[in-house]
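Below are the chains, spelled out letter by letter.
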Amino acid sequence: MRATVGDQILVHGDTVGHHDRRGEVLEVRGSEGEPPYLVRFEDGHTGLVVPGPDAIVVPAQSGS
């Protein structure tokens, strides 16, 4: 998995009743776009994330 600053991380809820979580990548701490990522989630929580198989990276929209 690779991400850049501004991309979105979508973590799918893996248990009944757990909702999907979406956050913005603020910082990439791994080499060449690899995890861990500093992510700010929609609820305002910021944390270091190492995405598992239940997560995807949604590329940021380019301005061109």
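Everything that follows concerns the structure shown earlier in this document.
Overview of the structure. In this text, all values refer to a predicted model and were calculated from it rather than measured experimentally. (Residues numbered from 1 in each chain as written. Predicted model: local features only at pLDDT ≥ 70, side-chain atom pairs only at ≥ 80, totals over all residues. Heavy atoms only, no water.)

1. Overview of the environment of R2
Convention followed: Numbering goes from the N terminus for both helices and strands, where a helix is a DSSP run of H or I of at least four residues and a strand is a run of E of at least two. Definition of a polar contact: a pair of N or O atoms within 3.5 Å, with one able to donate and the other able to accept a hydrogen when the atoms are protein atoms, and with sequence-neighbouring residues admitted only if both atoms are side-chain atoms.
As for its placement among the helices and strands, R2 is situated in the segment before β1 (8–11). Separated by 26 residues in the primary sequence, R2 and V28 have C-alpha atoms spaced 9.2 Å apart. Among the polar contacts made by the side chain of R2, one reaches the main-chain carbonyl oxygen of E32 at a distance of 2.7 Å. A distance of 3.4 Å separates polar atoms of two side chains, one belonging to R2 and the other to E34.

2. A short note on the nonpolar core
Soluble globular proteins tend to bury their nonpolar side chains together. Operational definition: In this description, a nonpolar core means a group of buried Ala, Val, Leu, Ile, Met, Phe, Trp, Tyr and Cys residues linked to one another through side-chain atoms lying within 4.5 Å. Accessible area is worked out with a 1.4 Å probe on protein chains only. A residue is then buried under 20% of its type maximum, exposed over 50%, and partly exposed in between. We call two residues in contact whenever any of their non-hydrogen atoms come within 4.5 Å of each other.
Among the nonpolar cores identified, the biggest contains 7 residues, and these are A3, I9, V25, Y37, V39, F41 and V49. Ranked by residue count, the leading element in this core is strand β3 (residues 37–41), at 3 residues. If we ignore the near neighbours within four places in the chain, the residues touching V49 are P35, P36, Y37, V39 and F41.

3. Things to note about the packing of aromatic side chains
Just so we agree on the cut-off: Two rings from Phe, Tyr or Trp (for Trp, the six-membered ring) form a pair when their centres are within 6.5 Å of each other. A pair whose planes differ by under 30 degrees is stacked, one over 60 is edge-to-face, and the rest are tilted. Whether a charge lies above a ring is judged from NZ of Lys or CZ of Arg, which has to be within 6 Å of the ring centre and within 35 degrees of the ring normal.
For the structure shown, the criterion picks out 0 aromatic pairs. The residue whose ring lies beneath R21 is F41, and the NZ or CZ to ring-centre distance is 3.9 Å.

4. Quick notes on the pattern of salt bridges
Inclusion rule: A pairing counts as a salt bridge when a side-chain nitrogen of Lys or Arg comes within 4 Å of a carboxyl oxygen of Asp or Glu.
Within the structure shown, the criterion is met by 3 salt bridges. The salt bridge involving R40 is made with E24; its shortest N-O contact spans 3.7 Å. Placement of the pair is R40 in strand β3 and E24 in strand β2 (residues 21–28), with a sequence separation of 16 residues. The exposure class of R40 is partly exposed, given its relative accessible area of 39%. You can call E24 partly exposed: its relative accessible area is 29%. A salt bridge links R29 to E27, with the nearest nitrogen and oxygen atoms 2.8 Å apart. What makes R29 partly exposed here is its relative accessible area of 46%.

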